[in-house]
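Chains, contacts and geometry: an overview
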Amino acid sequence: MPTEVSRREFVKAGVAVSGLVVALQLPAYARTAVGALGRQGATLSPSAFLEVASDGGVTFWLPRSEMGQGVWSTLSRIVAEELEVSPEAVRVRQASADPKFGDQFTGGSSSISSLWQPLRRACAQAREMLVGAGARTWGVSAADCVAEQGEVLHSASGRRLSYGALVPVASALAVPAAPALKDPKHYRLLGKPARRRDTAPKVDGSASYGLDVRVPGMVFACIARCPVFGRSITGSDGSRARATPGVLDVVTLEAGELQVGDFTFQLPGAVAVVAENSWAAMRGCQALDCHWDRDGGVDSEQLARIFRDRARQAGVLGRNEGDAESGLASATTMVERTYDVPFLAHATMEPMNCTAHVRAGRCEVYAPTQSPTLVRQVAEALTGLETAAVDVHTTLMGGGFGRRFEMDWVIDSIRVSKAIGRPVQVVWTREHDLQHDNYRPASHHVLRGGLDAQGKLVAWTHRVVAPSIIAWHAPKVLPPGSAAAADEALDGAADLAYAIPNLRVDYCPISTPVPVGWWRSVFASQTCFANETFLDEVARAAGRDPVELRRELLAASPRHLAVLNLAADKAGWGSPMAAGRGRGIAIHKFFSDAIVAEVAEVTVGERGLRVDRVVCAIDCGLALDPRNVAAQMEGGIVYALSAALKGAITLEGGRVKQSNFHDYPVLRMSEMPTVEVHIVESAEAPHGVGEPAVPPLAPAVANAVAMATGRSVHRLPLALG
Amino acid sequence: MPATSLVVNGTRRTVTVAPDTPLLWVLRDVIGLTGTKFGCGAGQCGACTVHLDGAPVRSCSVPLSAAAGRRVTTIEGLSANRAHALQRAWIELDVPQCGYCQSGQLMAAAALLARNPSPTDADIDAAMDGNICRCGTYQRIRAAIHLAAGGA
């Protein structure tokens, strides 16, 4: 990985690596294929991802993690489409962390877009080789043969041969360097609503997640960490833990640091309680008597003051056009507002866990991870083993949302297994999970807007004060003041889509002891809230309709306009609402290039705030599976709504106050609004949809609340604001 | 440690584990039925929902001693071959995303339909509010319950 790299570049680098692996491996695979000519069991495998066996079976090694976003289904349909087989004929197997599969980073809504080209190319290569094999077998021109439904057909004579029968000949052919990709006009599968492949095992309990891994001889462990961030457990008495029924061992883990590439991982001074079952490990952990430095420790009010103070100094410039200060000074009307959002936990349904077995010369890790590649590298670093001696099994995961890109829980399991010499499943309690997350950063935003005498928005500044996620992970190469840190933290702020002649956006990095991490949609979850809530304030100051003002500012952005208008039309924008009800809109172009607009309808009454309806419009390029796109929109809206209404992690004495779903509440069935999803027709390449529904939700709701109550919203969560 | 007997999905099981061990962990770590999920350990998320003598309970909050001699039904025992009307509806509407909470959702919904074959939206809210889904599948869960109940 290059050193100076933002998350977006990182995602793009992952894309490049994946593509490269296919390209680099072609000669090796081609040679293997040629060597296999005529032998029993020959296979056609033009890339690491794909194999067509001589019995006709198609295997697709999935080089991404399934966390509910639907990659099993959609990626395998890309294979079926391009290879001309039925979706049911494609056997999906989770790839190992073998370097031949490239970097398997699963995040940034990048799975589809990163594999769109290499996967279709690999399948087109295989298809052309099979067609070529048919033509050679029959002594006809390949141009007269077609592939369909797992067979090659010679149209003129009606002769057919199955892929399996053609594999021995096909595998001896040269791998075409420039295969013709199927014209999307002829797609049978992509663009049409599809059924998920993984539903059946998820309704009968047979789907296996990280916590469901069972290995012969395994034991279970729970971890005690220092609850105060930045500190370690300095001593402990494990005698009561050892006396707990079912407890087998108490293991002390020393504090340390682990460098893996650009990443610096802090190894906590911690204690692990090993037991016959999870419950005994949890009880034993509760019985530990741990010591740490209890003096001081930051609280949320202190942090808020530090954030506000930092905003008084200039930051790292992310965008500077025209002359924002002059624009504001000469404006007829100037609006200035500050916005605050809190730290947020990921709160995946399945708490963090990992199963590891470290023994002489071998390490196996069973990880519900968004980054199998990094798990392998971490395992190598912790055990000193070579790549070939480390096996990573990526399991299904009960939610990812960015949390499962982190390595803390992986490191726990490898360290404990190494210490006890047995396979161990480390399970975090919900309390541990909420109190030791890598949190969505809290942030403070200062926005100023200037309107001229005609009500035109002529100047805009946005200052973002927030901890840097990338600097938290790679402090030695990407410090908080680096351009990459600014690029990341200003996502959604510096790339503001509105045409405003004088515009300045800057980033004030801030260091806190609170671990921070990538959370569904990352910094766009903060910047879009600030942008879009502020724009409604500007609209009110100018006496303009919020949709009409957005249309004016997006006049040169046809994709934005189409999405905005679709959402507004479907929501019945402008129709009358009863007293106590409100309607708000927000729009955001996510870094996956998908654009989402959402209209929220709320009721504010005696029973508090209720979100009744959310109308969502998206342009995600070609919607490969509209049914799953809708599911991802619904999911993103609910995830964002939990945060907007209720989500807040607060600190007292340096530790997180919240501990479980009673004080870190999330949306429940009775609070679920009606969600409608409308997809803009597009023939452009597909853009990822896992995250883009999140950013516009909070500002759409905040703007609706402002309409309903006449009071504007400046902080989240709304229930506490 | 004393042995405790209970009937799980129609089969009598005898386990030797501390009697205060929650039923959840007996099912998962001792008996090996991992379809029932751990989410919060405090009866707040519903991922561990099973039926105890036909009634929905949070298995993380039921000690083994309280289940002794009683009938426990887990997601693995809800039906043979995913034949329950709710499982078929869940498949028809592709309800799950990550799927982790869905065992608990299905067991809670099955208990609802068993006592109320035609639930209203308000009935669904009341019965399902204890079951969290972080992927946000609530809208499809509601639709699938109505579908299984013979409605839309």
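Structural data are supplied above this passage.
So, here is what we can say about the structure in this document. Note that this is a predicted model, so its numbers are computed, not measured.

Some thoughts on the overall build of chain A
Along its length, chain A carries 18 helices and 29 strands. Over its C-alpha trace chain A gives a radius of gyration of 27 Å, about what one expects of a compact globule, namely 27 Å for 721 residues. In chain A, which comprises 721 residues, the proportion classed as buried is 59%. Pairs at least 24 residues apart make up 78% of the contacts formed inside chain A by residues separated by at least 6 positions.

Side note on the overall build of chain B
Counting secondary structure elements, chain B contains six helices and five strands. Secondary structure elements of chain B occur, N-terminal to C-terminal, as β-β-α-β-β-α-β-α-α-α-α. For chain B, the C-alpha radius of gyration of 15 Å lies close to 15 Å, the compact-globule estimate for 152 residues. C-alpha extents for chain B along the principal axes are approximately 50 × 25 × 25 Å. The proportion of buried residues among the 152 residues of chain B is 60%. Within chain B, counting contacts between residues at least 6 apart in sequence, those at least 24 apart form 59% of the total.

Points about the nonpolar core
With 285 residues, the main nonpolar core has Ala221(A), Val273(A), Val365(A), Ala567(A), Cys616(A), Ile618(A) and Val701(A) as its most contacted residues. Not counting residues up to four positions away in its chain, the partners in contact with Val701(A) are Gly584(A), Ala600(A), Val602(A), Val611(A), Ala644(A) and Leu718(A).

What to know about the sheet that holds strand 1 (residues 43-47) of chain A
Residues and elements named next belong to chain A. Taken together, the four strands give an open sheet; going across it, the order is 1-2-3-4, and neighbouring strands pair in mixed fashion. The open sheet is flanked by strand 1 and strand 4 (90-94), the only strands paired with a single partner. Pairwise comparison of adjacent strand axes, ignoring direction, gives a mean angle of 20 degrees for this sheet. Bridge count between strand 2 (residues 50-53) and strand 3 (residues 58-62): three bridges; the pairing is antiparallel. The partner of glutamate 51 across the bridge, within strand 3, is threonine 59.

A closer look at the packing of helix 15 (residues 546-553) of chain A against helix 16 (residues 558-571) of chain A
When two helices pack together, their arrangement is given by the angle between the helix axes and by the axis-to-axis distance. Residues and elements named next belong to chain A. Viewed as axis vectors pointing N to C, helix 15 and helix 16 meet at an angle of 165 degrees, and their least axial separation amounts to 10 Å. Between helix 15 and helix 16, the angle falls in the class roughly antiparallel. Relative to helix 16, the crossing made by helix 15 is left-handed. Along the contact surface, helix 15 presents Val547, Arg550 and Arg551, while helix 16 presents Leu561, Leu564 and Ala568. Residue classes in the contact of helix 15 with helix 16 are distributed as four nonpolar, no polar and two charged.

Describing the interface of chain B and chain A
Across the boundary between the two partners, chain B contributes 45 residues, which contact 48 residues of chain A. Where the side of chain B that touches chain A is concerned, the elements lending two or more residues are helix 1 (23-31), helix 3 (85-92), helix 4 (102-115), helix 5 (121-128) and helix 6 (138-148) of chain B. Classifying every residue of the side of chain B that touches chain A by side-chain character gives 23 nonpolar, 15 polar and seven charged.

Describing the pairing of strand 4 of chain A
Examined bridge by bridge, strand 3 of chain A and strand 4 of chain A share five bridges and lie parallel to one another. Each bridged residue has a counterpart across the sheet, and for Phe60(A) the counterpart in strand 4 of chain A is Val92(A).

Topic: the pairing of strand 26 (residues 608-619) of chain A
Residues and elements named next belong to chain A. Pairing between strand 25 (residues 595-605) and strand 26: 11 bridges, direction antiparallel. Note on strand 26: the bridge partner recorded for glycine 605 is glycine 608. Here strand 25 folds back onto strand 26, and the loop between the two strands holds two residues. Pairing analysis gives six bridges linking strand 26 to strand 29 (residues 674-679), with the strands arranged parallel. Note that in strand 29 the partner of cysteine 616 across the bridge is valine 677.

Describing the sheet that holds strand 24 (residues 581-589) of chain A
Residues and elements named next belong to chain A. Spatially, 24-25-26-29 is the arrangement adopted by the four strands of the open sheet, whose pairing is mixed. Single-partner strands in this sheet number two, and they are strand 24 and strand 29. Each strand of the sheet is rotated relative to its neighbour by a mean of 15 degrees, with strand direction disregarded.

Overview of unusual backbone geometry
Along the chain, Leu716(A) connects to Pro717(A) via a cis peptide bond; the corresponding omega equals 0 degrees. Along the polypeptide, Pro717(A) turns up in the segment after helix 18 (697-709). Backbone geometry at Glu84(A) places phi at a positive 60 degrees, although glycine is not the residue there. Assignment of secondary structure puts Glu84(A) in the loop between helix 2 (71-83) and strand 4. Within the chain, Arg82(B) stands out as a residue other than glycine whose phi angle is a positive 55 degrees. Among the structural elements, Arg82(B) can be located in the loop between strand 5 (71-73) and helix 3.

Here we look at helix 6 (residues 278-286) of chain A
With eight of nine residues buried, helix 6 of chain A lies mostly within the body of the structure. Considered for burial, the residues of helix 6 of chain A that qualify are Ser278(A), Trp279(A), Ala280(A), Ala281(A), Met282(A), Arg283(A), Gly284(A) and Cys285(A). Elements in contact with the buried residues of helix 6 of chain A: strand 8 (219-224), helix 5 (239-242), strand 10 (247-253), strand 13 (270-275) and strand 20 (424-427) of chain A together with helix 1 of chain B.

Each value, and the rule that gives it
Sequence order sets the numbering: in each chain, residues are counted from 1 along the sequence as written. In the order they appear in the text, chains get letters beginning with A and ligands get numbers beginning with 1. Selection of residues for local features in this predicted model requires a pLDDT of at least 70, selection of side-chain atom pairs for listing and counting requires 80 or more, and totals for whole chains, interfaces and linings are taken over all residues. Put simply, DSSP H or I for four residues or longer makes a helix, DSSP E for two residues or longer makes a strand, and each gets a number counted from the N terminus. Our radius of gyration is a C-alpha quantity, and the globule rule it is checked against amounts to 2.2 Å times the number of residues to the power 0.38. Counting other C-beta atoms within 10 Å of a residue's own tells you its class, since 20 or more makes it buried, 12 or fewer makes it exposed, and anything in between is partly exposed; those C-beta atoms are placed from the backbone. Here the contact rule is simple: place C-beta atoms from the backbone, and any two residues whose C-beta atoms are within 7 Å are in contact. In this description, a nonpolar core means buried residues of the types Ala, Val, Leu, Ile, Met, Phe, Trp, Tyr and Cys, linked to one another by C-beta atoms lying within 7 Å. By definition, two strands form a pair when at least two bridges between them are found by DSSP. Simply put, an axis is a line fit to the C-alpha atoms, just over the touching stretch for a helix, and the angle between two N-to-C directions goes from 0 to 180 degrees. Convention used here: angles under 35 degrees read as roughly parallel, angles over 145 as roughly antiparallel, angles from 65 to 115 as roughly perpendicular, and any remaining angle as oblique. With the far helix as reference, a near helix turned anticlockwise by less than a right angle produces a left-handed crossing, and one turned clockwise produces a right-handed crossing. When residues are sorted by character, Ala, Val, Leu, Ile, Met, Phe, Trp, Tyr, Cys and Pro go into the nonpolar class, Asp, Glu, Lys and Arg into the charged class, and all the rest, Gly among them, into the polar class.

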